[in-house]
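So the chains spell out like this:
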Amino acid sequence: MKFLTSLLLAFISTISIAQVQFEKTLEDAFTKAKAENKLVFIDYYNSECSICQQVEPMFDIKEIGDFYNTHFVGFKINTNSYLSRKDVDFINQKGLRIDGVPKFIFFDYNQNFIHYSGIAPDIKSFFDVAEAAIDPAKQLSKTPELYKAGDRSLKLLYAYSSYALLFGEHELANQISDDLFEVFPKENLNNLSSYFLLKNAVFTTENGFFQHWINNLDKL
């Protein structure tokens, strides 16, 4: 009987390890991250959000749990709960302007911002976001220095636009949208990528993407 009990406990323990682990407080998360030399991963969500509800079961998938527990210390901020007010204040104090949920936010153990992304309820999205967070070449926090160094690739500019919006730097976001139009292949202005940039990275009627589409509504 004792053997069966021990076997059952070991099995339950194995299951729990496979899940993404979340600390009870933000302070605990940063303390543990420092001790283990990991990033802090924050699941920023709202319990009433339908997409958030679809994301939640993904944390129980073993391959996601193994990867996230290896590289990150997790914490949850539920924007629907008054108990999270202190944690939401932490996000605001860092200057982040979160425009919706669900979002994944990453900090180093010294509480410096590292990366940020929306998330979809599929395995690929979970791994794409996690791998970007641990890759210095893909971290959103690195976009200002890459831009300053002269990188004007579409990928970098779109990421930098996300960074500018995240920190409420609207003039910078407008400058980047002009940069995006300058480097965008003009022969592709009628395609989906052009519309995607218009929708997500253009905020003035003077921008080239807006001017193109307002004059080509039949193609929109």
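Higher on the page you've got the structure.
Quick summary incoming for the structure in this document. (Residues numbered from 1 in each chain as written. Predicted model: local features only at pLDDT ≥ 70, side-chain atom pairs only at ≥ 80, totals over all residues. Heavy atoms only, no water.)

For any pair of aromatic rings, the description consists of the separation of the ring centres together with the inter-plane angle of the planes. Tallied over the full model, the rule gives 27 aromatic pairs. The rings of Phe 22, Phe 41, Phe 59, Tyr 68, Phe 72, Phe 104, Phe 106 and Phe 126 are connected pair by pair, giving a single aromatic cluster. The ring of Phe 22 has Lys 76 sitting right over it, with the charged end atom 4.6 Å from the ring centre. For Lys 76, the ring lying beneath its charged end belongs to Tyr 45, and the centroid distance is 4.7 Å. (Phe/Tyr/Trp six-rings, centres within 6.5 Å; stacked < 30°, edge-to-face > 60°. Lys NZ or Arg CZ within 6 Å of the ring centre and 35° of its normal.)

With that settled, consider the pairing of strand E2 (residues 72-78). Within E2, 7 of the 7 residues are buried, which leaves the element mostly enclosed by the surrounding structure. Neither face of E2 is exposed, since Phe 72, Gly 74, Lys 76 and Asn 78 on one face and Val 73, Phe 75 and Ile 77 on the opposite face are all buried. (Buried < 20%, exposed > 50% of the residue type's maximum accessible area, 1.4 Å probe, protein only. Helix = DSSP H or I, 4+ residues; strand = E, 2+ residues; numbered from the N terminus.)

Here we come to the pattern of salt bridges. Taken as a whole and assessed by the stated rule, the structure comprises 10 salt bridges. Across the pair Lys 124 and Asp 128 runs a salt bridge whose closest N-O atoms are separated by 2.6 Å. Here Lys 124 pairs with Asp 128, and both are found in helix H6 (residues 123-134), just 4 residues apart, close to one helical turn. Residue class for Lys 124 comes out exposed when judged on its relative accessible area of 59%. A salt bridge links Lys 219 to Asp 218; its shortest N-O distance comes to 3.8 Å. The structure contains a network of salt bridges with shared partners spanning Asp 43, Glu 56 and Lys 76. (Salt bridge = Lys/Arg side-chain N within 4 Å of Asp/Glu carboxyl O.)

Assignment of secondary structure puts Asn 46 in the loop between strand E1 (39-45) and helix H3 (50-55). For Asn 46, a relative accessible area of 15% translates into the label buried. Excluding residues within four positions of it along the chain, Asn 46 makes contact with Cys 52, Asn 78, Thr 79, Asn 80 and Val 101. (Contact = heavy atoms within 4.5 Å.)

Attention now moves to the sheet that holds strand E4 (residues 113-118). With mixed pairing, the 4 strands of this open sheet are ordered in space as E2-E1-E3-E4. At either end of the open sheet lies a strand with only one pairing partner, and these are E2 and E4. Looking at each pair of strands side by side, their axes are set apart by 20° on average, direction ignored. Note that E1 and strand E3 (residues 103-107) share 5 bridges and pair antiparallel. Across the sheet, the residue bridging to Phe 41 is Phe 106, located in E3. Its contacts with the sheet place helix H4 (residues 62-71) against E1, E2 and E3, and it is angled at close to 105° to E2. (Pairing = 2+ DSSP bridges. Axes fitted to C-alpha atoms, helices over the stretch in contact; angles between N-to-C directions.)

A few words now on the packing of helix H8 (residues 154-166) against helix H9 (residues 170-183). Where H8 meets H9, the axes come as close as 9 Å, and the angle between the chain directions of the two elements is 165°. What the angle tells us is that H8 and H9 run roughly antiparallel. For the pair H8 and H9, the sense of crossing is left-handed. Contacts from Leu 154, Leu 157, Tyr 158, Tyr 160, Ser 161, Ala 164 and Leu 165 in H8 reach His 170, Leu 172, Ala 173, Ile 176, Asp 179, Leu 180 and Val 183 in H9. (Parallel < 35°, antiparallel > 145°, perpendicular 65-115°, else oblique. Left-handed = near helix turned anticlockwise from the far one by under 90°.)

For the rest of this paragraph, the subject is the nonpolar core. Ile 42, Ile 91, Ile 105, Phe 107 and Phe 113 are the most contacted members of the largest nonpolar core, which totals 39 residues. With 6 residues, the single largest contributor to this core is H8. In contact with Ile 42, not counting residues within four places along its chain, are Leu 26, Phe 75, Ile 77, Phe 90, Ile 91, Lys 103, Phe 104, Ile 105 and Phe 107. Membership of the second largest hydrophobic core comes to 19 residues, among which are Val 55, Met 58, Phe 127 and Ala 133. (Core = buried A, V, L, I, M, F, W, Y, C linked by side-chain atoms within 4.5 Å.)

As far as function goes, none of this settles anything; it's purely spatial.
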